[in-house]
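Working through the structure, step by step
Residue strings, one per chain:
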Amino acid sequence: MTARLVRPAIVATVLVLHCAFAQAQETGVDESTVRFGQSAAFSGPAEDLGIEMRRGIEAAFREANADGGVRGRMLELVALDDAYEPEAAIANTERLIDQERVFALIGAVGTPTSRSAVPLAAARGVPYVAPFTGAAFLRDPALGNVVNLRASYYQETEKIVDFLTGVLGIDRIGVFYQDDSFGQAGLNGVRIALEKRGLAMVGRGVYPRNTKAVKTGLLDLRSADPDAVVMVGAYQPVASFVAWAHKIGFRPLFMTISFVGSNALIEELGADSEGIFVTQVVPPLDQHGPVAVTDAALEPAHSSGGTADGPRVLDDYRGALEAHSPGVEAGFVSLEGYLAGRLAIDVLDRCGADPDRACFLDAMASGDIIDLGGFEIRFGNDNQGSDAVFLTVIDAGGNYRRVLEDAVAGKEN
């Protein structure tokens with residue numbers, strides 16, 4: 001009789017302890033996995049950006065999982081399509097937090113979508129890691145749940161204006177931009193950089209998000225007759241703008257920022273992409289040697305070509321990409337996704353056997369250097385890890401070449 005009474009008591013005690021252990025673990029974390037969520041564009045005119053960011057994150061996660069995960073836990077990514085639309089980003093964020101119960105959000109794509117999703121994540125204390133955007137509002141230190149990996153759009157546009165005015169001597173600059181918060185961020189960055197030099201933009205052209213309705217903006221800019229145009233948009237409308245500009249004989253120097261989607265831009269434009277300058281916020285994947293700027297003309301810096309030196313993470317990335325997606329071309333967007341994944345993995349490991357969101361965010365804010373294979377980032381006095389901006393140009397062979405020049409953009413968040 002006694003044994004029959006003791007056995008249920010033991011079972012009940014085990015169940016209580018098991019439930020207590022389960023409750024002690026953070027949302028999105030169990031004995032075998034850590035689950036991340038991503039809302040990004042996997043359809044529509046910006047789909048390549050979401051697809052490549054996801055590919056890079058998954059490559060990093062697959063690489064870690066093949067080596068036993070993070071302290072024995074496998075990394076999972078739940079990815080939902082928002083088609084680069086704010087309303088869909090809100091619905092996806094709610095689903096990822098409430099139904100999928102993810103530990104953190106990672107690799108979101110875009111300024112308007114992030115502007116809609118971040119308040120939901122912040123209200124729930126969910127980390128918002130490495131969004132593919134350089135918008136200034138995400139760099140507000142009051143957003144304690146936001147972790148920016150990349151440099152800001154203000155830093156990218158400062159780099160562009162510094163190069164145009166200080167290296168090439170061009171001061172008649174116009175802006176072609178997307179008519180939303182992303183476009184405004186780029187427009188403001190150019191305006192601030194010009195005002196810093198006592199200049200004003202000579203013209204502007206605008207287009208609606210998720211369209212290729214660029215002709216009105218093109219005609220507005222042509223009438224202003226700028227010597228250079230800074231383009232703030234995704235690859236399809238930017239490509240359409242350049243192609244139509246060439247057709248009507250409008251050929252200023254074209255420059256754009258990293259959000260454009262570098263590989264996709266070349267695929268869209270083909271030979272018309274030659275000579276377009278693009279700022280990058282991850283180490284350049286330079287397969288053909290850098291180029292030097294001499295008297296406003298580009299000349300090969302190394303006649304024999306060859307692979308430019310770079311941090312070892314580039315080799316790690318190429319190996320992880322080939323293992324995850326054999327035959328897929330390496331690119332700046334998937335590299336940024338890979339770095340985002342590596343960042344999440346590194347910080348999770350710092351949190352030990354029982355990671356939680358508070359530790360994850362505190363580890364970011366510690367001020368310690370986080371070495372992602374030779375590409376070092378540091379948080380601490382802000383929520384942005386890297387200030388690096390690299391200038392590249394598309395050559396006649398459809399390759400990105402790093403531009404060697406002396407202009408260096410300072411940190412402006």
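For the structure, check the block above.
Since this is a predicted model, take the numbers as computed values, not measurements. Residue positions are counted from 1 within each chain, in the order its sequence is given. Reporting in this predicted model follows two pLDDT cut-offs: at least 70 for local features of residues, and 80 or more for side-chain atom pairs to be given and counted; totals over whole chains, interfaces and linings ignore these cut-offs and use all residues. Calculated side-chain values reflect all of the structure's heavy atoms, with hydrogen atoms and water omitted.

Looking now at the pairing of strand β9 (residues 253-256). For strand β8 (residues 228-232) and β9, the ladder comprises four bridges, and the chain directions are parallel. Bridge assignment links Val229 to a residue of β9, and that residue is Phe254. With the strands pointing away from the viewer, any crossover whose connection runs clockwise from the first strand over the helix to the second is right-handed. Helix and strand assignments come from DSSP, with helices taken as H or I runs of at least 4 residues and strands as E runs of at least 2, each series counted from the N terminus. Handedness of the β-α-β unit built from β8, helix α8 (residues 235-247) and β9 comes out right-handed. With two bridges connecting them, β9 and strand β10 (residues 277-280) associate as parallel partners. Paired with Met255 across the strands is Phe277, a residue of β10. Between the parallel pair β9 and β10, the chain is carried across by helix α9 (residues 262-269), and the sense of this crossover is right-handed. Paired strands are those between which DSSP finds at least two bridges.

We now examine the sheet that holds strand β2 (residues 74-81). Here five strands make up an open sheet; going across it, the order is β2-β1-β3-β4-β5 and the pairing parallel. The sheet terminates laterally at β2 and β5 (146-147), the two strands that pair on one side only. Bridge analysis of strand β1 (residues 33-40) against β2 gives eight bridges, and the strand direction is parallel. Of the residues in β2, the one forming a bridge with Thr33 is Met74. Contacts between residues were defined by any pair of non-hydrogen atoms, one from each residue, lying within 4.5 Å. Axis definition: a line fit to C-alpha positions, over the contact stretch in the case of helices; interaxial angles, taken between N-to-C directions, run 0 to 180 degrees. In the packing of helix α2 (residues 47-66) onto the sheet, the strands contacted are β1, β2 and β3 (104-106), and the crossing angle to β2 comes to about 165°.

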